[in-house]
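Architecture at a glance
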Number of protein chains: 2
Amino acid sequence: MATRGRPRTFDPDTALRQALEVFWERGYEGTSLNDLAQAMGIASASIYACFGGKEDLFRKVMALYGTTSGEPPRRALREQPTTRAAIHAMLRATADEITRPDAPHYCMLILAAPTGAVENHAIREFLAGLRHDQLATVKDRLARGVADGDLTAPHAGLDAIARYYTTVVQGLSLQARDGATRAELETVITCAMAAWDTLTSAPSHRAS
Amino acid sequence: MATRGRPRTFDPDTALRQALEVFWERGYEGTSLNDLAQAMGIASASIYACFGGKEDLFRKVMALYGTTSGEPPRRALREQPTTRAAIHAMLRATADEITRPDAPHYCMLILAAPTGAVENHAIREFLAGLRHDQLATVKDRLARGVADGDLTAPHAGLDAIARYYTTVVQGLSLQARDGATRAELETVITCAMAAWDTLTSAPSHRAS
DNA sequence: CTCTTTATTTATCGAACGGCCAACAAATCG
DNA sequence: CGATTTGTTGGCCGTTCGATAAATAAAGAG
């Protein structure tokens, strides 16, 4: 049980949180190992020893991010009794997270690396995969609504509705990044939810 | 009239288009002067002589981008007879632009530099300003609708509706970036327009 | 104590970065 | 023609990039 060797002088969990802050503030490509080492209070070589390279560290950071900032929206989807309430609560939880005064006003999953140099393609694929999971989670919640009986054969497809609200979530992140206030995001959410009744009515008249 | 001195061996307009391609593919921070010089077929010193530094070049590129890819959505807003048709056409024109087979599947204005190193703050501010203009343009179109009489004292505020559809536009860009097809974007647009009638009805019942 | 193991610091790697300049080349002018 | 103006070339500036090796420090094991 006892750990051999020299014990490390920093707490990896704390260091990971500090790395999260830096990546959050500057994005993936905008963050250098120097930035990280300085913020984490250790030499860059220690980062390699403990976390692997920049890319490995970023993946670990995103895992932490998912269990912290990513949890409230996921919980909203999971715990709200009706599908409509679940979607609405997810949007509001998202708006809460991306306007917190103690953190940058955007979602890392969405904006930390949307574009970049070719050599960072793997990171973008990684994030795209996580976003795909996000879409699938929303879709699953809609399917559960059908199973629960509070959503009956929507006029628009489940896929379309899920993608629509995912689109709104992503758009909210950019709005917050551009300085929109929590109240302004709330008005956007209200507008987005105004489509709900139309979208979830039985298939009656026109499409397109 | 005759131009003194040695004439340049490249066409600045062509070079600017080539620079646009590179910035579009890799974003602002992901593009190096080497990348640009290689794609433009000239030495980096020629870039400095003709366009100024990287930041100046990017601003000129964005001006070109605005008059090309940015024009169809703007024209849709301007030329459609009714406000509803204008918004709908703008969304579809946006979807067309960000799924063109001959260009990256996203909007540069939105995703070329959403985050990044502190030294590139000015570029982000520049883009944020352009996006603010975008929002204002949508808002103006709604106001024109009220003046035209096809939009009467909307239940939701004009600001909220404008910001909502701007949010959708920005979300669409991320969807396309993640591989959504034109058809999938169309379903999102259909969902987004489903809110229109509710949003633009006279102020009657509840809010929030 | 000595030996082993692990973590740290320091120094540095080669490559690429954005930026810039002096020398050369090509045109018009007088 | 020579003088002048302008564009292009090639290279180099100091810095920083991500990454690594060697040397040092601190703990437990025997």
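Residues numbered from 1 in each chain as written. Chains lettered and ligands numbered in written order. Predicted model: local features only at pLDDT ≥ 70, side-chain atom pairs only at ≥ 80, totals over all residues. Heavy atoms only, no water.

Another point: empty space enclosed by the protein. All chains considered together, the criterion is met by one cavity of 30 Å³ or more. When its volume is computed, the largest cavity comes out at roughly 120 Å³. Around the largest cavity, the lining comprises 20 residues; the ones closest to its centre are A:Glu29, A:Thr115, B:Glu29, B:Ala112 and B:Thr115. Residues that form the lining of the largest cavity fall into these classes: eight nonpolar, eight polar and four charged. (1 Å grid on protein atoms, 1.4 Å probe; cavity = no way out; pocket = protein on both sides within 12 Å on 5 of 7 lines; lining within 4 Å. Points joined across faces, edges and corners; volume = space filled by probe spheres on them. Nonpolar A, V, L, I, M, F, W, Y, C, P; charged D, E, K, R; others polar.)

Here chain B sits on chain A after a turn of 180 degrees about the axis and a move of 0.0 Å along it, with an RMSD of 0.1 Å. As the rotation angle and translation indicate, the two copies are arranged about a two-fold axis. (Least-squares fit on C-alpha atoms with pLDDT ≥ 70 in both.)

Taken residue by residue, the interface counts 48 residues in chain B and 48 residues in chain A. Counting each side, the surface lost to burial between chain B and chain A is near 3,700 Å², with a carbon and sulfur contribution of 57%. Where chain B touches chain A, the interface holds four salt bridges. Measuring nitrogen to oxygen at the nearest pair gives 2.7 Å for the salt bridge that ties A:Asp178 to B:Arg131. Mapped by element, the contributors of at least two residues to the side of chain B that touches chain A are helix H1 (12-26), helix H6 (83-97), helix H7 (108-111), helix H8 (121-148), helix H9 (158-177), helix H10 (182-193) and helix H11 (196-199) of chain B. Per element, the largest residue contribution to the side of chain B that touches chain A is 13 residues, and it comes from H9(B). (Contact = heavy atoms within 4.5 Å. Buried area = accessible area lost by both parts, 1.4 Å probe. Salt bridge = Lys/Arg side-chain N within 4 Å of Asp/Glu carboxyl O. Helix = DSSP H or I, 4+ residues; strand = E, 2+ residues; numbered from the N terminus.)

A word on the pattern of salt bridges. Residues and elements named next belong to chain A. In this structure the tally under the stated criterion is 30 salt bridges over all chains. Across the pair Arg59 and Glu55 runs a salt bridge whose closest N-O atoms are separated by 2.8 Å. Here Arg59 and its partner Glu55 are both found in helix H4 (residues 54-68), four residues apart, which amounts to about one turn of the helix. You can call Arg59 partly exposed: its relative accessible area is 30%. In this structure Glu55 comes out as partly exposed when scored by relative accessible area, which is 29%. (Buried < 20%, exposed > 50% of the residue type's maximum accessible area, 1.4 Å probe, protein only.)

Looking now at helix H3 (residues 44-51) of chain B. Residue and element names in this part refer to chain B. Residues of H3 that are buried: Ile47, Cys50 and Phe51. Around the axis of H3, the buried residues are gathered within 80 degrees of arc, so they sit on the same side. Opposite the buried face of H3, at more than 90 degrees from it, the exposed residues are Ala45 and Ala49. Where H3 is buried, its residues meet H1, helix H2 (33-40) and helix H4 (54-68). Backbone geometry just after H3 places Gly52 at a positive phi near 85 degrees. (Arc of directions from axis to C-beta.)

What follows is about the protein's contact with DNA strand D. Inspection of the region around DNA strand D gives 24 residues, with A:Arg4, A:Ser32, A:Leu33, A:Tyr48 and B:Thr9 positioned closest. Of all atoms in DNA strand D that approach within 4 Å of the protein, 70% are sugar or phosphate atoms. Within the side chain of A:Asn34, one N or O atom sits 3.3 Å away from a phosphate oxygen of DNA strand D. Residue B:Thr9 places a main-chain N or O atom 2.8 Å away from a phosphate oxygen belonging to DNA strand D. Elements with a minimum of two residues in the surface near DNA strand D: helix H2 (33-40) and helix H3 (44-51) of chain A together with H3 of chain B. For the surface near DNA strand D, the element with the highest residue contribution is H3(A), accounting for three residues. A per-class count over the surface near DNA strand D returns eight nonpolar, ten polar and six charged. (Near = heavy atom within 4 Å. Polar contact = N/O pair within 3.5 Å; in protein donor to acceptor, adjacent residues only side chain to side chain.)

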